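Descriptive analysis of the structure
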Amino acid sequence: MPTVIGVKFKKVGKVYYFDPNGISAKQGDPVIVETSRGLECGEVATASKEIAEEAVPAPLKKVVRRATEADLKTLSENEKFEKEAFKICEEKIKKHELEMKLVAVEYTFDHSKILFYFSADGRIDVRELVKDLASVFRVRIELRQIGVRDEAKMIGGLGVCGCPLCCASFLESFHPVSINMAKDQGLSLNPTKISGACGRLMCCLKYENEAYQDMAKHSPPVGSIVQTPQGKGTVIENALLKGLSKVRLDNSPDAPVIFPCSECKILKMPVKVQSNEEETITEEN
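Residues numbered from 1 in each chain as written. Predicted model: local features only at pLDDT ≥ 70, side-chain atom pairs only at ≥ 80, totals over all residues. Heavy atoms only, no water.

This brings us to the packing of helix α1 (residues 69–96) against helix α2 (residues 127–137). Close contact between α1 and α2 brings their axes to 10 Å; oriented N to C, the two are set at 140 degrees. If you check the angle between α1 and α2, you find them oblique. Classified by chirality, the crossing of α2 by α1 is right-handed. Touching A85, I88, C89, K92, I93, K95 and H96 of α1 are E128, L129, D132, L133, V136 and F137, all from α2. Its residues placed into classes, the contact of α1 with α2 shows 8 nonpolar, 1 polar and 4 charged. (Axes fitted to C-alpha atoms, helices over the stretch in contact; angles between N-to-C directions. Helix = DSSP H or I, 4+ residues; strand = E, 2+ residues; numbered from the N terminus. Parallel < 35°, antiparallel > 145°, perpendicular 65-115°, else oblique. Left-handed = near helix turned anticlockwise from the far one by under 90°. Contact = heavy atoms within 4.5 Å. Nonpolar A, V, L, I, M, F, W, Y, C, P; charged D, E, K, R; others polar.)

Moving on, we come to the pattern of salt bridges. Going through the model one piece at a time under the given rule, you end up with 12 salt bridges. Here R66 ties to D29 by a salt bridge, and the two come within 3.2 Å at their closest N and O atoms. Here R66 is found in strand β5 (residues 63–66), whereas its partner D29 is found in the loop between β2 (16–18) and β3 (30–35), with 37 residues between them in sequence. You can call R66 partly exposed: its relative accessible area is 42%. Between K95 and D132 there is a salt bridge, and its shortest N-O distance comes to 3.2 Å. Of this pair, K95 sits in helix α1 while D132 sits in helix α2, placing them 37 residues apart in sequence. Bridged by salt links that share partners, the residues K26, D29 and R66 form one connected network. (Salt bridge = Lys/Arg side-chain N within 4 Å of Asp/Glu carboxyl O. Buried < 20%, exposed > 50% of the residue type's maximum accessible area, 1.4 Å probe, protein only.)

Shown next as structure tokens:
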């Protein structure tokens, strides 16, 4: 089996495999690698290991060397250049009166190209802006339009939970999120309550959903008729994380009682009815 080393180029980003090329490096070490856009400096995410032949990307490019002091100095200088380029680009955007928001600027390691990441509501004609920027920097210019999720990942910030955004902290890539996941977790279907800083459905709905689905298998569905130690009743609410069900008893409908899910024996499953409101919310997302 071939030996590879995992390298990432952003703090929270995808890990790419490279040929170690006989170079020994441990996790966290900066290395210079050969990529499709030239030499780049990345950080070792996984040390050398063997993987299956079919998992090897083609072509498998090589690690050139471990990063030297000069390489790290170049990285530091690039950060300064990026800040200056950001200011200049914002001025040019204002000059051309373009409805776009500059999000980030990235210099390639060898200064052969500058990438400008921006967001906009629709398609933007950036041809004149590219020409203007090329006349200033005299290198290859590339403008990339990104979505609101990628914008949030680049900028970072705090989520509604008070913690740093998941996408900017540990999520390497985005996964599809659906309104059904909010339903499975018993959350309000109000978009403002289940949307993240980017305005899209919160990413945490996805990676918590499997646990909620598993817990739901051991809980009586809302609307089902159950037999409890205190008599028959209808389940009106579930606390999946606590393993509890709130039941409206037939012999005491005005005072719902909370029981462990294990004490609720299902007598009749609820009839599923999809409301127009739910259909509308599903279509919007």
